Amino acid sequence: MSGALMLDIAGLALTEDDRVLLRDSVVGGLILFSRNYESPQQLANLVTDIRSCNPQLLIAVDQEGGRVQRFREGFIRIPPMRQLGQLYRVNQDEAKRSAAELGWLMASELLGYGIDISFAPVLDLDFGVSEVIGDRAFSDSADVVVELAGAFIEGMRDAGMASTGKHFPGHGWVVADSHHEIPIDERELAEIETKDMAVFQRLMSRGLNAVMPAHVIYQQVDSQPAGFSSFWMQNILRQKLSFNGVIFSDDLTMEGASVAGSYPQRAKVALEAGCDMLLVCNNRDAAIEVRDYLHQIGHAGSERISSMMASKKPQLDALKSDERWLRAVQKAADLIVMP
């Protein structure tokens, strides 16, 4: 059984306080950021230290590509997913092949350092209004997103990494950035279902392992943001869509989560809605409050989380001389320079 709390650390190496916290029974995950990365060797040392504290800890990062790639210097640069959507307009088969290779490349490199997951891919549609989504989205077409994200997921799976689709049921229509504001989507349920949510539903049948709900209020549907909503998490995701995978909350310190109250209250509502793992980032005091709350209620965690652990750990030296690696690196480079 894995603890329900995923938190972060401040620096390039663990402090003694970090080590104590990572051994806590309610802590099941650690997410790394750019501030935790200096070089490949430093990252390898950090992950080894983390594993020595808790071998079952789920180690995550946001390594989508484009603007959202936490490890850069010494890592292969992954293009924004919009580049795949643009290639799809010209050559559909090549775009799908490239998507699979990029998913495999991104996942293989992380797995080689002992990192279990990247929170990817983004399944939001690009309606041309959300700057926080923007070129992170594959396309404005649900059909294109399904084809390209489906291939990307297959590449990740081939490498040994589980996939996380975000941000359910869709973040692309709202202008506001949920990191700093409380976005409100005014559309009716039927429109959301047939456009944004259809992408998630179709990819569930293609092996999507987890979802991360949006800190967005869909006010025609429910007064709570999706990640705090039993209607979205239970009635729709679990029951209507029959999704049995992992549900990660988005970061509970984001402004979009503030409507749920204090940090323990946010944790309470997210768990009651159906989230399996709670992300509390960039605020150690908040993480401690959530940790204490989980102990207070005796939350045992979720058996589902273990399904997200890496199934392979490739040897980086062998990987980088592999023909597939060389092809994938070239595809990534070609897409980055593509107009």
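Residues numbered from 1 in each chain as written. Predicted model: local features only at pLDDT ≥ 70, side-chain atom pairs only at ≥ 80, totals over all residues. Heavy atoms only, no water.

## Let's talk about the overall build of the protein chain
Check the secondary structure of the protein chain and you find twelve helices and twelve strands. For the protein chain, whose C-alpha radius of gyration is 19 Å, the value lies close to the compact-globule estimate of 20 Å for 339 residues. Structurally, the protein chain occupies a C-alpha span of about 55 × 50 × 30 Å along its principal axes. Split into buried and exposed, the 339 residues of the protein chain put 60% on the buried side. Across the protein chain, the fraction of contacts at a sequence separation of at least 24, relative to all contacts at a separation of at least 6, is 77%. Element-wise, carbon and sulfur atoms account for 47% of the exposed surface of the protein chain, whose accessible area totals about 13,200 Å². For the protein chain, the distance from the average site of its 32 positive side-chain charges to the average site of its 46 negative ones is 4 Å. (Helix = DSSP H or I, 4+ residues; strand = E, 2+ residues; numbered from the N terminus. Rg over C-alpha atoms; globule rule 2.2 N^0.38 Å. Buried < 20%, exposed > 50% of the residue type's maximum accessible area, 1.4 Å probe, protein only. Contact = heavy atoms within 4.5 Å. Areas by Shrake-Rupley, 256 points an atom, 1.4 Å probe, with all protein chains shown as cover. Lys, Arg positive; Asp, Glu negative; His and termini not counted. Charge placed at Lys NZ, Arg CZ, Asp CG, Glu CD.)

## Focus on the pairing of strand 3 (residues 58-61)
Residues L58 and A60 point to one face of strand 3 and I59 and V61 to the other, with burial holding for every one of them. With two bridges joining them, strand 3 and strand 6 (residues 117-118) adopt parallel strand pairing. By the bridge assignment for strand 6, A60 is matched with I117. (Pairing = 2+ DSSP bridges.)

## Things to note about the sheet that holds strand 11 (residues 246-247)
Reading across the sheet, the three strands line up as 7-9-11 and stay open at both edges, with parallel pairing between neighbours. Two strands bound the open sheet, and with one partner strand each, they are strand 7 (164-168) and strand 11. Helix-sheet contacts for helix 8 (residues 230-240) involve strand 7, strand 9 (210-213) and strand 11, and the interaxial angle to strand 7 is about 130°. (Axes fitted to C-alpha atoms, helices over the stretch in contact; angles between N-to-C directions.)

## Let's talk about the pattern of salt bridges
Considering all chains together, one arrives at 27 salt bridges under this definition. One salt bridge connects D62 with K166, and the closest N-O pair in it is separated by 3.1 Å. Of the two residues, D62 is situated in the loop between strand 3 and strand 4 (63-65) and K166 in strand 7; the sequence distance between them amounts to 104 residues. As a salt-bridge pair, K331 and E94 come within 2.7 Å of each other at their nearest N and O atoms. (Salt bridge = Lys/Arg side-chain N within 4 Å of Asp/Glu carboxyl O.)

## Re the packing of aromatic side chains
The description of two aromatic rings rests on the distance between their centres and on the angle between their planes. The final tally for this structure, using the stated rule, is ten aromatic pairs. When the centroid spacing of 5.8 Å and the interplanar angle of 80° are considered together, the rings of F231 and W232 count as edge-to-face. For W232, a relative accessible area of 0% translates into the label buried. An aromatic cluster of three or more residues is present, and its members are F168, F200, Y218, F231 and W232. (Phe/Tyr/Trp six-rings, centres within 6.5 Å; stacked < 30°, edge-to-face > 60°.)

## Points about the nonpolar core
L32, F168, W232 and F248 are the most contacted members of the largest nonpolar core, which totals 117 residues. Looking at this core element by element, the count peaks at eleven residues for helix 5 (residues 142-159). Apart from residues lying up to four places away in sequence, W232 is in contact with F168, P169, L189, I192, M197, Y218, V221, D222, A226 and L237. (Core = buried A, V, L, I, M, F, W, Y, C linked by side-chain atoms within 4.5 Å.)

## Details of the sheet that holds strand 2 (residues 27-32)
What the five strands build is an open sheet, ordered 6-3-2-1-12; its pairing is parallel. The sheet is open, and its two borders are formed by strand 6 and strand 12 (278-279), each paired with just one other strand. Examined bridge by bridge, strand 1 (residues 5-7) and strand 2 share three bridges and lie parallel to one another. Bridging from a neighbouring strand, M6 pairs with G29 of strand 2. Those strands touched by helix 10 (residues 284-297) are strand 1 and strand 12, and its axis lies near 165° from that of strand 1.

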